[in-house]
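# Descriptive structure summary
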Amino acid sequence: MKKSYQAPRGMRDVLPENMPAWQRLEETARHLARLFGFSEIRPPLMEETDLFTRSVGEVTDIVEKEMFSLQKGKTSLSLRPEGTAGVVRAYVQAGYAKRDPLQRLYYCGPMFRYERPQKGRERMFTQFGVECIGSSDPRLDAEVMDMAATFFEELGLTGLEVRMNSMGDGEDRDRYRDAVSDFLSPKLDDFCDLCQSRFEKNVLRVLDCKNPNCGELIVGAPVLIDFLGDENRAHFEAVQEGLRDLGREPCVDTSIVRGLDYYTRTVFEIHAPDLGARSALCGGGRYDHLVRDLGGPDVPAVGFAIGFTGTLIVFEQLGLLEGLERETADVYVIGFSAEQKAAVLQVANDLRKGGISAIYDVDERSFKAQMKAAGKGDHRYAVILGEDELARGVVQLKDLGAKSQEEVPRDGLVEAILRG
RNA sequence: GUGGGUAUAGCUCAGUUGGUUAGAGCACCGGAUUGUGAUUCCGGGGGUCGGGGGUUCAAGUCCCCUUAUCCACCCCA
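Here is a short report on the structure shown in this document. Not measured: the values here are computed from a predicted model. (Residues numbered from 1 in each chain as written. Chains lettered and ligands numbered in written order. Predicted model: local features only at pLDDT ≥ 70, side-chain atom pairs only at ≥ 80, totals over all residues. Heavy atoms only, no water.)

## Here we look at the packing of aromatic side chains
For the record, the criterion: Side-chain rings of Phe, Tyr and Trp, where Trp is taken by its six-membered ring, are said to pair if the distance between their centres is within 6.5 Å; with planes under 30 degrees apart they count as stacked, over 60 as edge-to-face, and otherwise as tilted. Only protein chains enter the accessibility calculation, which uses a 1.4 Å probe; a residue whose area is less than 20% of its type maximum is buried, one above 50% is exposed, and one in between is partly exposed.
Under the counting rule described, the total for this entry stands at twelve aromatic pairs. Summarising the aromatic geometry, the rings of Tyr 91 and Tyr 96 are spaced 5.8 Å apart at their centres and angled 45 degrees between planes, so their arrangement reads as tilted. Residue classification places Tyr 91 among the buried positions, given a relative accessible area of 1%. We classify Tyr 96 as partly exposed; its relative accessible area is 21%.

## Description of the pattern of salt bridges
For clarity, the threshold we go by: Salt bridge, as used here: a side-chain nitrogen of Lys or Arg that lies within 4 Å of a carboxyl oxygen of Asp or Glu.
For the structure on display, the rule yields 24 salt bridges. A salt bridge links Arg 163 to Glu 161; the nearest nitrogen and oxygen atoms lie 2.5 Å apart. Among the charged side chains, a salt-bridge network with shared partners connects Asp 141, Arg 265, Arg 286 and Asp 288.

## Thoughts on the sheet that holds strand S4 (residues 75-79)
The cut-off we apply is this: At least two bridges found by DSSP between two strands is the condition for calling them paired. A run of H or I in DSSP counts as a helix once it spans at least four residues, and a run of E counts as a strand once it spans at least two, with each numbered from the N terminus. To obtain each axis, a line is fitted to C-alpha atoms, and for helices this fit is confined to the stretch in contact; angles are then taken between N-to-C directions over 0 to 180 degrees. Contact definition: two residues touch when any of their heavy atoms are within 4.5 Å.
Judged by pairing direction, the sheet is antiparallel, and its three strands sit side by side in the order S2-S4-S3 without closing on themselves. The open sheet terminates on both sides in strands that have one partner only, identified here as strand S2 (46-48) and strand S3 (69-72). Shown here is a sheet whose adjacent strand axes are inclined to one another by a mean of 30 degrees, direction ignored. Relative to S4, S2 runs antiparallel, the two sharing three bridges. Among the inter-strand pairings, Glu 48 is bridged to a residue of S4, identified as Leu 77. Those strands touched by helix H2 (residues 49-56) are S2, S3 and S4, and its axis lies near 80 degrees from that of S2.

## Structural notes on the nonpolar core
Operational definition: Take the buried residues of types Ala, Val, Leu, Ile, Met, Phe, Trp, Tyr and Cys, join any two whose side-chain atoms come within 4.5 Å, and each joined set is a nonpolar core.
Grouped together as the largest cluster of nonpolar side chains are 90 residues, with contacts concentrated most on Phe 38, Phe 128, Ile 133, Met 147, Phe 151, Phe 191 and Phe 304. Counting residues per element, this core draws most heavily on helix H6 (residues 138-155), at ten residues. Those residues in contact with Phe 191, other than ones at most four positions away along the chain, are Leu 184, Gln 196, Val 206, Cys 214, Leu 217 and Ile 218. Formed by 19 residues, the second largest nonpolar core is a distinct cluster that contains Ala 358, Val 383, Val 395 and Leu 397.

## Examining the sheet that holds strand S15 (residues 404-409)
An order of S12-S11-S13-S14-S15 is seen for the five strands of this open sheet, with the pairing classed as mixed. Where the open sheet ends on each side, the last strands, each with one partner, are strand S12 (358-360) and S15. Put simply, the sheet's adjacent strands are angled 25 degrees from each other on average, direction ignored. Where strand S11 (residues 331-335) and strand S13 (residues 381-385) come together, five bridges link them in parallel fashion.

What follows is the structure, encoded as structure tokens:
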């Protein structure tokens, strides 16, 4: 019995036929990054495990149970479960804070989390993210949010919701947390089991419970905005102001609580309402203390990450896959019989030398089979070569889309194609 | 980590209350058409039914285990 292999759980092959959609997302991301003046950065896919523990948060699920880690000698390395930690580490290591503090950086690549796969969730997934490090100007928060929204708009994704909130900072957040605890604890027993454990682990998540019963119990709970200090409140207002200046109406949703510990002040999410359980396509916000926490100077930052998994699902749902073409050779060279074998090879070679991609049938199949292959391979042209053409130094150039055909001299083929 | 569904040709799926050589459509290959493709017609190759164990005279069809996958919870992009 032979063993058969398959891709590791929760990881999938992106086959050539799936590639057009991926390339579309990647090109859109790069294009947008360029428009907004961001530069690409590529940190390693692995970092010291400790880096993620410090940044993402010790008690988060991500570091508690979702990291792919390996021990080599005395160091524990982990595949990155998210992109920000590595970028910030690189920022600090490169010494940007002193020589060129404001950095607009973006990345696009795979992340890894050891989770149970489900719709919109994989163990290896791709994220496009930006990190704007070095300023706390609220206009940057607005700009970064606008950029994330623009990404989806450029792709043609409609019906998405951009929601924002402020989580405050340091003291206001602690005060708020205490207030929520005080509000909840008297009736804690009435909450669902899940909320009871949330209460212990991350109180604010109780406010996010989908259980209708819990939903009623939290009516009247303290709202974080009321706990913001003057400065943070002003910042929050300014971010909304900035969004308006960019032509976007801010949508404040006080239930948004990001899962990663490093967020401060502005947080936001972009949702696709009808995507099922995992509707957030993008999450982001400000993290003003992460650089400092990772051993750098006290430098503020803001960023977001967009998951390709969910984005691709919506992309397909909206029928945007149609019209995307798979990469193939422009020309398929056909010989009428095996007699023209050498000539076919030479013509293909001439085309390639002339900068035109070309392939031909390598199995010496029948003329009909070659025509068939040319017809369904998304090639633009078929170049047909028979005994007669060979003798006269010409070829038949057939436009496979238009179904038209013309005879052109063999040495003028490249020109003819470039013209047409 | 928890709960539920599914696992039959490359793909999408049929397969009666367990019973002879496991089917269809699409795809693939070839032919009808001795110089022309994505329409039509004909033919062909390809599965031992995810893997292992059990019940039975007999299992794709029942039971157990296992693996994978999907959906949901948790959490999150």
